[in-house]
Amino acid sequence: MAATRIDGKAVAEDVLAKVKQAAADLESRRGVKPGLAVVLVGEDPASQVYVGSKGRMARECGFHSVTHTLPADVPQADLLALIDRLNADPAIHGILQQLPLPKGLDADAVVGRIHPDKDVDGLTVVNAGRLASGLAREAFVPCTPAGCMVMLRRVLGDDLSGRRAVVVGRSNLVGKPMAQLLLLANATVTVAHSRTKDLPALCREADILVAAIGRPQALGPDCIKPGAVVIDVGINRIDAPERGEGKTRLVGDVAFEPASQIASAITPVPGGVGPMTIAMLMANTVTAAYRAAGETPPTF
């Protein structure tokens, strides 16, 4: 029997509906409109698309949305000064520095300058430390792993006790926070990576397999335990000559078709984790606004 497709678009729409309601409620009761500032440096086309989509979604959610676009040769001091101004602006509850930055700029220093309580991307050392210490309710969790957990809970519930989870990938953006979230849900977690010995054998032990290695279709059917839930974070563009000369298509880190014949549930690419990332950015921004107003944020 083919696996259930976990519809990230549908789950994201549900999260966004809750975000819009929460934002409207906070504004009507307290006069506080959630504010999101996005900082874009340079003219990278992909970054411009991402920033544009984030701004549009913020406005759809009823947020105060601003975008600061700076030239690629902006001095580091000027960029840090902008972050400082946004930190001090009471109308801004979330700050997102679009990455990557052009050469010559220190991304760690820029991200580290964002106040932890406005770090809606969850990338500061303070928020990483909060999550690693088990303080998930006080932390801002990076949006992609946060979205993965929402989808997992839809399939398996909140308590993952007795489940064996394998996270393939150890990045600060996805792999490490994903492992922390799974631990907090009582799963038994292993983090694998490029130097893991006999990766397929390890993956076959997983009731929950999270693939976040950035290699197209790297995990085949020999990596899937029968009945496992597979969360594919990868978004890779590959050649698709079957669609015509020069055509491409998106695939994940998991070979979807054979894996879907073994797993019980799986996220497709596209349409799985991707839509959840921007939804959780909006959720984090609402959470920041509620905290700034001294209120308990809703659960998404």
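Please read these numbers as outputs of a predicted model, since none were measured by experiment.

Some points on the overall build of the protein
When helices and strands are counted, the protein shows 10 helices and 11 strands. The C-alpha radius of gyration of the protein comes to 19 Å, within 12% of the 19 Å expected for a compact globule of 300 residues. With the C-alpha coordinates aligned to their principal axes, the bounding extent of the protein is approximately 50 × 45 × 35 Å. Out of the 300 residues in the protein, the part that is buried amounts to 49%. Considering only residue pairs separated by 6 or more positions, the protein has 68% of its internal contacts joining residues 24 or more positions apart. Here the protein displays about 14000 Å² of accessible surface, and carbon together with sulfur accounts for 52% of that area. When the 32 positive and 31 negative side-chain charges of the protein are each reduced to one mean point, those points stand 2 Å apart.

Brief notes about the packing of helix H1 (residues 8-30) against helix H10 (residues 273-292)
When two helices pack together, their arrangement is captured by the angle between the axes and the distance separating the axes. Contact geometry of H1 with H10 gives a least axis separation of 9 Å together with a crossing angle of 20 degrees. Judged by the angle between their axes, H1 and H10 are roughly parallel. Helix-helix and strand crossings are classified by hand; for H1 and H10 the assignment is left-handed. When H1 is examined against H10, the residues Gly-8, Lys-9, Val-11, Ala-12, Val-15, Leu-16, Val-19, Ala-22, Ala-23, Asp-25, Leu-26 and Arg-29 are found in contact with a partner set consisting of Pro-275, Met-276, Ala-279, Met-280, Met-282, Ala-283, Val-286, Ala-289 and Tyr-290. Split into classes, the residues belonging to the contact of H1 with H10 amount to 17 nonpolar, one polar and three charged.

Looking at unusual backbone geometry
With an omega dihedral of 5 degrees, the bond running from Leu-99 to Pro-100 counts as a cis peptide bond. In this structure, Asp-198 is a non-glycine residue whose phi angle is positive, near 50 degrees. Residue placement: Asp-198 occurs in the loop between strand E6 (188-192) and helix H8 (199-203). For Asp-198, a relative accessible area of 49% gives the class partly exposed.

Describing the sheet that holds strand E4 (residues 94-97)
Within a sheet, adjacent strands bond to each other through the backbone by hydrogen bonds, running parallel or antiparallel. With respect to topology, three strands assemble into an open sheet ordered E3-E2-E4, the strand pairing being parallel. Strands with a single pairing partner mark the edges of an open sheet, and in this sheet they are strand E3 (64-70) and E4. Here the strands of the sheet are splayed against their neighbours by 15 degrees on average, with no regard to which way each runs. In terms of strand pairing, strand E2 (residues 35-41) meets E4 through four bridges, oriented parallel.

Quick notes on the sheet that holds strand E5 (residues 164-168)
Spatially, E1-E11-E8-E7-E5-E6 is the arrangement adopted by the six strands of the open sheet, whose pairing is parallel. The two strands at the open ends of the sheet, each matched to only one other strand, are strand E1 (4-5) and E6. Pairing geometry for strand E8 (residues 229-232) and strand E11 (residues 265-266), over two bridges, is parallel. By the bridge assignment, Val-230 is partnered in E11 with Ile-266. Contacts between helix H6 (residues 143-156) and the sheet are confined to strand E7 (208-211), E8 and E11, with E8 contributing the most and set at about 160 degrees to the helix.

A closer look at the packing of aromatic side chains
Inspection of every chain in the model, using the stated rule, returns zero aromatic pairs. Note that Arg-291 overlies the ring of Phe-140, its terminal NZ or CZ placed 4.6 Å from the centroid.

So, H10
Residues spaced three or four apart along an α-helix face the same direction, because each turn holds 3.6 residues. Helix length check: H10, at 20 residues, gives a terminal C-alpha distance of 29 Å against a target of 28 Å (1.5 Å per residue), a fit within 8%. Most of H10 sits inside the fold, with 15 of its 20 residues counted as buried. Positive phi appears at Gly-294, one or two residues downstream of H10, with a value of about 75 degrees.

Parameters and conventions
Residues numbered from 1 in each chain as written. Predicted model: local features only at pLDDT ≥ 70, side-chain atom pairs only at ≥ 80, totals over all residues. Heavy atoms only, no water. Helix = DSSP H or I, 4+ residues; strand = E, 2+ residues; numbered from the N terminus. Rg over C-alpha atoms; globule rule 2.2 N^0.38 Å. Buried < 20%, exposed > 50% of the residue type's maximum accessible area, 1.4 Å probe, protein only. Contact = heavy atoms within 4.5 Å. Areas by Shrake-Rupley, 256 points an atom, 1.4 Å probe, with all protein chains shown as cover. Lys, Arg positive; Asp, Glu negative; His and termini not counted. Charge placed at Lys NZ, Arg CZ, Asp CG, Glu CD. Axes fitted to C-alpha atoms, helices over the stretch in contact; angles between N-to-C directions. Parallel < 35°, antiparallel > 145°, perpendicular 65-115°, else oblique. Left-handed = near helix turned anticlockwise from the far one by under 90°. Nonpolar A, V, L, I, M, F, W, Y, C, P; charged D, E, K, R; others polar. Pairing = 2+ DSSP bridges. Phe/Tyr/Trp six-rings, centres within 6.5 Å; stacked < 30°, edge-to-face > 60°. Lys NZ or Arg CZ within 6 Å of the ring centre and 35° of its normal. Expected span 1.5 Å × (residues − 1).

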